[in-house]
Amino acid sequence: MSDFDTGVCLCFPRQGQFDPLKYLTGLAEAIQRRAGRIYTTDMHVEKIPGGLPICVETSSGKVVRTDAVVVATNSPNELTSVENK
């Protein structure tokens, strides 16, 4: 493929391609099929204290109680190192 000049680069023949939107769509569908819930809009997490059940505290004052949490972010923050014991 030579649609544009890449400059100096590495080329790996037969390298797989990944479509992140298709992956996330499938992941979201699988979570919902197993009765999981995905919270996004107006659900900014302020705190995840340790312990079970997990009580996720939000900036709106709401609390989500659950057995498991996935923290998905593209920037490091204090929530990325949460451990529940």
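Rules and cut-offs
Residues numbered from 1 in each chain as written. Predicted model: local features only at pLDDT ≥ 70, side-chain atom pairs only at ≥ 80, totals over all residues. Heavy atoms only, no water. Helix = DSSP H or I, 4+ residues; strand = E, 2+ residues; numbered from the N terminus. Polar contact = N/O pair within 3.5 Å; in protein donor to acceptor, adjacent residues only side chain to side chain. Contact = heavy atoms within 4.5 Å. Patch = residues over 30% accessible without salt bridge, like charges linked within 9 Å, V, L, I, M, F, W, Y side chains within 5 Å. Areas by Shrake-Rupley, 256 points an atom, 1.4 Å probe, with all protein chains shown as cover. Salt bridge = Lys/Arg side-chain N within 4 Å of Asp/Glu carboxyl O. Buried < 20%, exposed > 50% of the residue type's maximum accessible area, 1.4 Å probe, protein only.

With that out of the way, let us pick up the side chain of Thr 58. Looking at the element boundaries, Thr 58 is found in strand S2 (residues 54–58). Of note is the side chain of Thr 58, whose polar atom sits 2.9 Å from the backbone oxygen of Lys 62. When near neighbours in sequence (up to four residues on either side) are disregarded, Thr 58 contacts Met 43, His 44, Val 45 and Glu 46.

The next thing to look at is a nonpolar patch on the surface. Residues Phe 18, Leu 21, Tyr 23, Leu 24, Leu 27, Ile 31 and Ile 38 make up a contiguous nonpolar surface patch of about 700 Å² in total accessible area. Considering the arrangement of structural elements, one finds Leu 21 in helix H1 (residues 20–33).

A separate point is the environment of His 44. Along the chain, His 44 falls in the loop between H1 and strand S1 (45–47). For His 44, a relative accessible area of 53% corresponds to the exposed category. Residues His 44 and Gly 61, spaced 17 residues apart in sequence, show a C-alpha to C-alpha distance of 9.9 Å.

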